[in-house]
Amino acid sequence: MSSGDMSDMKPACGGGKEPGEYDLPLHTVGLFLVLAASIFGAGFPVAAKKISWVKVPEKVFFACKHFGTGVLIATAFVHLLPTAWFSLSDPCLPDIFTVNYPPLPGVIMMASLFILFIIEMWMNNKMGGHSHGGAKGFDSSPAPATVPQRAQRSATVNSFETEDEDYEKRMAQQMYEQTQYPHPEGNELDLPQSEMPPWFVVFYEQYVRQRLELINMIRASTTKPSQPQVQSESKDEVIVSEKPMFDEEGQPVDPLVYKKMSMNITLLEGGILFHSVFVGMTVSITIEGFVVLLIAILFHQMFEGLGLGSRIAAVPYPKGSFRPWLLVFAFGTTAPIGQAIGLIARNSYDPNSAFGLIIVGVFNSISSGLLIYAALVDLLAEDFLSEESSHVLTMKDKKIAFVFVLLGALGMSIVGAFA
């Protein structure tokens, strides 16, 4: 056989068995330790928000939330993406991965990112452009329109009448100008102006609004709550909204905001769960350096759970809802399930086989795309660059929050050197 043929031969996939004796009791203990660390990391922020007697200062929750954002960003860039690239660039794999198209992991990641973007675009079109919870974890109400301020009423009757009259004149003038001249250029169409005095126009509009509100209240009290009703009055529509929602603290919540935030956190956790299964399998089949890897994975799961749990706690779930706890349970048990699979298949599963490399590489590429988009767009940009954040956070708050983001990313990057 010539030297050219020898150089063209691919190495065989599969690393064989690791040297050393497999310690089944130690690996079993590791499974329960990872389970405890995962559930504690994800469950602590949720318990602090949902359970009345577990009260954590708002500053601690604020720090955990932004620290977790940094953890999730580092998870995507430091843990998922490099692992995907190393797995799919192994020289033992078919040429499509190593010769014909080496950037395939990046394409898979980009495709998952675009798919998530399409899903969000569809959600925005269907539900409206509501926020993802913002830097404080709730939807802020828009600023009310500016109206002339009513003067403080004096104790004397004459001053009371004079100030109220001045206020009504200013209000009437503003409403009249907005009604007659909706554009700043004025009445460009040269339409005839109303001959009614401005005060009459204002109070007539107020009468119409109050009449519609009264009809709305009557309809709401005479119909079943589960059947939204639309009443047409001339050309004006009176809409009775669906049953209002309230969070754990009794605050009203926009149902569309809740649905969108719930969908976002589900997609975010979905990107993490794929990764957690393979993390658990890797721990269970490791023999040499198992203790060091286990310690690193415990920090990994606790940090990642803290980031995810902080975001779960920010969703305004209705009082008594089991969904946040279901998400905590799903994250807490996924890595241990992977460990259990590794324990069962420790004699047959080889992570260095072609099947193992491709599965890990493809799923980590998908997870990295989902997590990069969710962490950067839905979390980081929403918390620091959105219009809501400019109303909720001061510049000092943003600087402090970003320091916690950097600390979370730094901590997870250090863990990445060992796991």
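Residues numbered from 1 in each chain as written. Predicted model: local features only at pLDDT ≥ 70, side-chain atom pairs only at ≥ 80, totals over all residues. Heavy atoms only, no water.

1. Some thoughts on the side chain of His300
The topology assignment puts His300 in helix α9 (residues 290–314). The residues touching His300, leaving out its near neighbours within four places in the chain, are His79, His275, Val279, Met412 and Val415. (Helix = DSSP H or I, 4+ residues; strand = E, 2+ residues; numbered from the N terminus. Contact = heavy atoms within 4.5 Å.)

2. Focus on the pattern of salt bridges
Counted by the stated rule, this structure contains one salt bridge. In this structure, Arg311 engages Asp383 in a salt bridge whose closest nitrogen and oxygen atoms are separated by 2.5 Å. You can see Arg311 sitting in helix α9 and its partner Asp383 sitting in helix α11 (residues 354–384), a full 72 residues away along the chain. The exposure classification of Arg311 matches that of Asp383, with both residues buried. (Salt bridge = Lys/Arg side-chain N within 4 Å of Asp/Glu carboxyl O. Buried < 20%, exposed > 50% of the residue type's maximum accessible area, 1.4 Å probe, protein only.)

3. Concerning the state of the cysteines
For the structure shown, the criterion picks out one disulfide. Across a sulfur-sulfur distance of 1.8 Å, Cys13 and Cys92 are joined as a disulfide pair. Every disulfide takes its handedness from the sign of the S-S torsion; for Cys13 and Cys92 that torsion is 100°, giving right-handed. With a gap of 79 residues between them, Cys13 in the loop between α1 (3–8) and α2 (24–50) and Cys92 in the loop between α3 (58–88) and α4 (95–100) connect regions that are remote in the sequence. On the accessibility criterion, Cys92 (11% relative accessible area) is buried. (Disulfide = S-S within 2.5 Å.)

4. Thoughts on the confidence of the model for the protein
Any region with low pLDDT has predicted coordinates that should not be read closely. Taken over all residues, the pLDDT of the protein has a mean of 76, while the share at 70 or more is 70%. Long-range and interchain partners of residues 130–134, a stretch whose pLDDT sits below 50, account for 23 contacts in this model, where long-range means more than four residues apart. Contacts from residues 137–163, a stretch scored under 50 in pLDDT, to residues over four places away or in other chains number 30 contacts. (pLDDT = per-residue confidence, 0-100.)

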